[in-house]
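So you can see what is in the structure, the chains are spelled out below.
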Amino acid sequence: MKFKCVLFLHISFVFNYSCSALPSNVPTQQPETYLEAVTYIYNLMDEDNRVYVKNVPFNDLIIFHRHWGAKIRASLNLWGGNRELLKSCAENLGSDSIHPESASQFIIEGVWKKLNADINSIDFSKLDANVYFIRILETIQLAKKNNDNRLMLSLPSWVYKQWEYWDNEERWFNLNNEAKKIIKGENELNSLALLFLSQTKENLDIVDDKLQQKLTHLEYDDIHLPEFVVNSEEKRTVSKLRSLTSQELALNCYGMLYQREFLSLDDYNQWMQLRDSNYLIRWKYASEMNTDDFERLLKMPRKFLEILILTNQYYDIDEHNSGLAYRYNSYDGIVDSLMAFTAFNNKDFDKEPYDESIKKRAYNSLDSEYNKNVMRALHMLSDIADHIPAADLYDMLSPSTIIKYETTLKTEDLLDYKYVVGFLLATQKERILAHPNSDEIFNIVKYYWDNRFISWAMQYYIAELLVQIDLDSAKTVFSPEFEKIPDHGSFTRNAIIEALIKYNFDQDKVFLYNWYWKIQEKEFLTVPREWSLMLSLLRDTNNETNALYKSIINDSRFSRQEFFEDN
């Protein structure tokens, strides 16, 4: 079970200690047991660092994993074969084995427990559901009574960060059910249970009535929440108990449910008005989809595709590589339910729904059982696109639709419309090439070539589309790239060369031959090198291109012998 952090604590910290200048009371022999390792690291720390680590919440110790943890792994030889120590760590953790990175984190936790031995901290991860919330409340109340905020350092992170990563589905299920029981009554645990349930939108319908009641009340609620501010530069943690009004608690909970921060009731109301008027926002934060929803949305394939892509809620979009959907969100089960509803789980797909020219640059083959489900999910998305009426398809590709979307629907919660366009370009090639007006569709696709960069993988693909739609117009668009011998590499130029070799080799054979000799000695920084790309494509595309490849490599001017070594 995974939740997104809304009001998260961003911490980076470099923890320094010297492993060469050891204090006299540190054993020179490398520790071989968990307790020895904890003592060893503890003795290396100066007083300032001890005070700092001592006051960091237990569930935030992960902030030390990258830097301090790396030094622990190195100094204790966890990567190099200190098997006795790894075995001891595993035994103390109650496991058969342990990874070196997990072992270093376990040692850090042991140091923290040694530093905080006087507060008798509770391991909340081991408490039964029926006492879990009671112990949390008792811990907060005791900290307030004794004026000792350190008593709250072991609290679960959702209490003060309003989020937590849950990797134990059964435990989450049990705690979630216990919280549901609590909110049915009115008692001092009610607010804690509401806070817990608000970690996931699936509980929205369960908590909404309670939260709506609290929104109108300005009196202070019956709960105090801890707040920890970690200052890594000054090596100190400031902690305090924060009183909340009922309204503030409700805004906190709604902030978690909708993955945003509401600063006031007006802020919340304005956003709710937006949600009610914007179908994309409404579906992004819908607690569930049922069969009635599926039936209704499948009759509106355009809107359904926009919901599934633009909300970034149901499918994950590879924004930094291909610009395409590459997996789906399996946590809430909605896409799995949709696949079952449409019988897509009964279909077997062994390849991606995207064109090969996109796949080879930005999309890895998927062959595990899990990834077979991904294939089905992507093909189902493509099938929805297949059912979009032609008029709607061409309208969705139109630049005017992007402008309209940006001015009427787009919010920070939603993706750019170019990701819908990219998906349609990648899966609706035949329908695009069949457009009755070649000039119109050429200009639409050219717009994305010129103005709306989606991804480099898509740029190569768009070059091929332009050549296939209207070769003469495409060559007019491309010609400025070849007016002079270049002094730098260009992915755009590479994309054009590949398109010409694949789709117009016969007419451009002489041009390609001459261009190779112009750029052979150029040491461009683009990868692959332009000359290498040309040689590979000429060698591998077909027999005609291979003949030109042989002509080039057998020419006395050929100087790129490293091509044979690299290929």
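Residues numbered from 1 in each chain as written. Predicted model: local features only at pLDDT ≥ 70, side-chain atom pairs only at ≥ 80, totals over all residues. Heavy atoms only, no water.

Would you take a moment to explain the overall build of the protein chain for this structure?
When you go through the protein chain residue by residue, the secondary structure sums to 30 helices and four strands. Structurally, the protein chain occupies a C-alpha span of about 85 × 65 × 45 Å along its principal axes. A total of 567 residues make up the protein chain; the buried ones form 53% of that total. Look at the contacts in the protein chain between residues 6 or more apart in sequence, and 70% of them connect residues 24 or more apart. (Helix = DSSP H or I, 4+ residues; strand = E, 2+ residues; numbered from the N terminus. Buried < 20%, exposed > 50% of the residue type's maximum accessible area, 1.4 Å probe, protein only. Contact = heavy atoms within 4.5 Å.)

Explain the packing of helix 23 (residues 438–450) against helix 25 (residues 471–478) to me, please; I cannot follow it from the model alone.
Think of two packed helices as two axes; the pair is described by the angle between the axes and how far apart they sit. The contact between helix 23 and helix 25 brings their axes to 12 Å, and the two run at 25°. As summarised for this structure, helix 23 and helix 25 are arranged roughly parallel, according to the angle between their axes. Remark: the crossing between helix 23 and helix 25 carries right-handed chirality. Residues Phe442, Lys446 and Trp449 of helix 23 touch helix 25, and the partners they reach there are Ser473, Ala474, Val477 and Phe478. (Axes fitted to C-alpha atoms, helices over the stretch in contact; angles between N-to-C directions. Parallel < 35°, antiparallel > 145°, perpendicular 65-115°, else oblique. Left-handed = near helix turned anticlockwise from the far one by under 90°.)

What's the story with the environment of Asn146 in this structure? I'm lost.
Inspection of the secondary structure puts Asn146 in helix 6 (residues 129–146). Overall, Asn146 belongs to the partly exposed group, its relative accessible area being 42%. Linking Asn146 and Asp318, residues 172 residues apart in sequence, is a C-alpha distance of 51 Å.

What should I look at first to understand the pattern of salt bridges in this one?
Side chains that differ in charge, positive against negative, can pair when their charged atoms come close. Per the counting criterion, the structure on display carries 25 salt bridges. One salt bridge connects Arg260 with Glu412, and the closest N-O pair in it is separated by 3.3 Å. Remark: Glu412 occurs in the loop between helix 20 (399–408) and helix 21 (418–427) and Arg260 occurs in the loop between helix 11 (246–257) and helix 12 (265–277); sequence separation between them is 152 residues. For Glu412, a relative accessible area of 68% corresponds to the exposed category. Between Glu530 and Arg493 there is a salt bridge whose closest N-O contact spans 2.8 Å. In this pair, Glu530 is assigned in helix 28 (residues 530–540) and Arg493 in helix 26 (residues 491–503), connecting sequence segments 37 residues apart. Sharing partners across several salt bridges, the network here consists of Arg302, Glu306, Asp392 and Asp395. (Salt bridge = Lys/Arg side-chain N within 4 Å of Asp/Glu carboxyl O.)

What exactly am I supposed to notice about the packing of aromatic side chains here?
What describes a pair of aromatic rings is the distance from one ring centre to the other and the angle between the planes of the rings. Going through the model one piece at a time under the given rule, you end up with 35 aromatic pairs. Between the aromatic rings of Tyr258 and Tyr285, the centroid separation amounts to 5.5 Å while the plane-to-plane angle is 90°, which identifies the pairing as edge-to-face. Taken together, the residues Tyr258 in the loop between helix 11 and helix 12 and Tyr285 in the loop between helix 13 (279–284) and helix 14 (291–298) connect sequence positions 27 residues apart. The exposure class assigned to Tyr285 is buried, which follows from its relative accessible area of 2%. Aromatic side chains Phe262 and Tyr268 sit 5.4 Å apart centroid to centroid with 85° between the ring planes, which places their arrangement in the edge-to-face category. (Phe/Tyr/Trp six-rings, centres within 6.5 Å; stacked < 30°, edge-to-face > 60°.)

What's the story with the nonpolar core in this structure? I'm lost.
Across soluble globular proteins, nonpolar side chains show a tendency to be buried alongside one another. If you look at the biggest cluster of nonpolar residues, it comprises 182 residues, and the most contacted ones within it are Ile107, Trp158, Leu305, Tyr315 and Leu425. With 10 residues, the top contributor of residues to this core is helix 24 (residues 456–469). Contact partners of Tyr315, with chain neighbours within four places excluded, come to Leu308, Ala325, Arg327, Tyr328, Asn329, Val335, Ala377, Leu378, Met380 and Leu381. (Core = buried A, V, L, I, M, F, W, Y, C linked by side-chain atoms within 4.5 Å.)

Would you mind going over helix 2 (residues 47–54) with me for this structure?
Counting along an α-helix, one turn takes 3.6 residues, and residues three or four places apart therefore face a common direction. Where helix 2 is concerned, the buried positions are Asn49, Arg50, Tyr52 and Val53. Seen along its axis, helix 2 keeps its buried residues to an arc of 165°; they face one direction. Opposite the buried face of helix 2, at more than 90 degrees from it, the exposed residues are Glu47 and Asp48. At the N-terminal boundary of helix 2, the capping side chain belongs to Asp46, with an oxygen 3.2 Å from the backbone nitrogen of Asp48. (Arc of directions from axis to C-beta. Polar contact = N/O pair within 3.5 Å; in protein donor to acceptor, adjacent residues only side chain to side chain.)

Can you help me understand the environment of Arg302 in this one?
With respect to the secondary-structure elements, Arg302 resides in helix 15 (residues 301–310). For the pair formed by Arg302 and Leu175, sequence separation is 127 residues and the distance between their alpha carbons is 39 Å. With residues near it in sequence (within four places) discarded, Arg302 still touches Ile388, Asp392, Asp395, Met396, Thr401 and Tyr417. For Arg302, the side chain forms a polar contact with the side chain of Asp392, separated by 3.5 Å.

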